[in-house]
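# An overview of the molecular structure
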Amino acid sequence: MPIATVNPANGETLKTYEAMGEEELERRLQLAQATFRTYRTTTYAERARLLNRAADLLDEDRQEIGRVMTTEMGKPVEQARAEAAKCARAMRWYAEHAAELLADEEPSAADVKDSGAARALVRYRPLGPVLAVMPWNFPLWQVVRFAAPALMAGNVGLLKHASNVPQTALYLEDLFHRAGFTEGCFQTLLVGSGAVDDILRDERVKAATLTGSEPAGRAVAATAGEMIKKTVLELGGSDPFVVMPSADIDRAARIAVTARVQNNGQSCIAAKRFIVHTDVYDAFAERFVAGMAALRVGDPLAEVTEVGPLATEQGRADLEELVDDARRSGAAVLCGGERPDGPGWYYPPTVLAGVTREMRVHREEAFGPVATLYRAADLDEAVLIANDSPFGLSSNVWTRDEAEVDRFVRDLEAGGVFFNGMTASHPGLPFGGVKRSGYGRELSGHGIREFCNITTVWHGA
């Protein structure tokens, strides 16, 4: 895949970039290693000063970088600006909390005495250069939620971004440099996916984080396992959205539309499978389908647009195949389901009902504005349907029954359970999944400690 900005609203190639050669890549790896030796000794206060400055600059750039993101991957421009603002808030959160999150920990006095020590503690130390392999769907947020904690922990970052968002990738490198971070603290590597394996095998790279597809995750995990390097993987998701009889049906249906089509439906944590108790199925389905059908699809740079084009032509083709397979196998198309005429990689908000286990859309992630509706007889069947997926990223449940809340928390196979609201990421809450959605956690104290050397310090009597 070429490294290029291709406008998904019309298919026009706007900018192309040459991949870095071996000499430049070697220079940057050397720089990362050399920079880490000194950056690791900086104080939390100094790192926080730099990161807060980056947040200020990002706020100033919000309009401009929002348009760049929209032009590169098609999200509605209002959502792009909101993504930039969210990144700035996350930077400030880590700048404020990192020192506390990574403070030395003292074991209990009894454990210290029992170990034969005069004193002991646990210290969190940085690992070194960390490789981040990032996707195009949230081209700022996916990177910042790695970079902010990594930099505050004293690591340095190497970004291999998706090849269709090179301008956003280069902006991020420039942002950190303008904020005052030295050149080697955060570097964008303009290379293709074929270069990732060699970079990860390099002894100077100490760990890796990847957000992306399951095949990409398998490849990175395999190499990292061979090299015995720490990895965090956030892969696909097919999140359930369960609606029980006690729910506020009007609100659940309204939020369900947003939960499905945020970012043009191209979000790992978007709700994709809507599992509704039979007692409220018809009422929910009527409102949900009407809401999906009423969405404004169009130019993502227009302020009124709610759903823009898919990011790539192949992505639209993959989504069409899932819908066509379900239709051929007997699923009912309640709205959408047909590619519109005209330029750009648009696909309409679509709702499928009567989905069965044999259909691909039941097993695979629909990465676009396509929702599947399921009818559940009771709570037990709702849980069975929700867990009948290879993925386990997050989940949404709508109920006012506390007994049901306890059951869903106990039984749903997911990294998060969100009640009476849609899944969202926040720097203060851990984010990640189970099963084929990956392992490890981003964000919160759990995320900042993923790429730390958790060191036992013991002093003899």
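Here's what I pulled together on the structure shown here. Computed from a prediction, not measured in an experiment: that's the story for all the values here.

### What to know about helix α7 (residues 166-179)
- Its 14 residues place the ends of α7 20 Å apart at the C-alpha level, agreeing with the 20 Å of an ideal helix rising 1.5 Å per residue.
- Listed in full, the buried residues belonging to α7 are Pro166, Thr168, Ala169, Tyr171, Leu172, Glu173, Leu175, Phe176 and Ala179.
- Two residues or fewer after α7 comes Gly180, characterised by a positive phi angle close to 115°.

### Considerations on the sheet that holds strand β5 (residues 156-160)
- A sheet is described by the order of its strands in space; here six strands give the open sequence β6-β5-β4-β7-β8-β18, paired in mixed fashion. In the strand order of this sheet, the two ends are held by β6 (186-188) and β18 (438-439), each with one partner.
- Pairing geometry for strand β8 (residues 230-234) and β18, over two bridges, is antiparallel. The partner of Leu233 across the bridge, within β18, is Tyr439.
- Together, β4 (129-133), β5 and β6 form the strand contacts of helix α1 (residues 22-39), whose direction differs from that of β5 by roughly 155°.

### Some points on the pairing of strand β1 (residues 3-7)
- Counting buried residues along β1, four of its five residues qualify, which places the element largely inside the surrounding structure.
- When β1 meets strand β2 (residues 12-17), the two strands line up antiparallel, connected through five bridges. If you follow Thr5 over to β2, its bridge partner there is Lys15.
- Hairpin connection from β1 to β2: four residues lie between these consecutive antiparallel strands, with Gly11 at a positive phi of about 80°.

Scoring rules and cut-offs
- Residues numbered from 1 in each chain as written.
- Predicted model: local features only at pLDDT ≥ 70, side-chain atom pairs only at ≥ 80, totals over all residues.
- Heavy atoms only, no water.
- Helix = DSSP H or I, 4+ residues; strand = E, 2+ residues; numbered from the N terminus.
- Expected span 1.5 Å × (residues − 1).
- Buried < 20%, exposed > 50% of the residue type's maximum accessible area, 1.4 Å probe, protein only.
- Pairing = 2+ DSSP bridges.
- Contact = heavy atoms within 4.5 Å.
- Axes fitted to C-alpha atoms, helices over the stretch in contact; angles between N-to-C directions.

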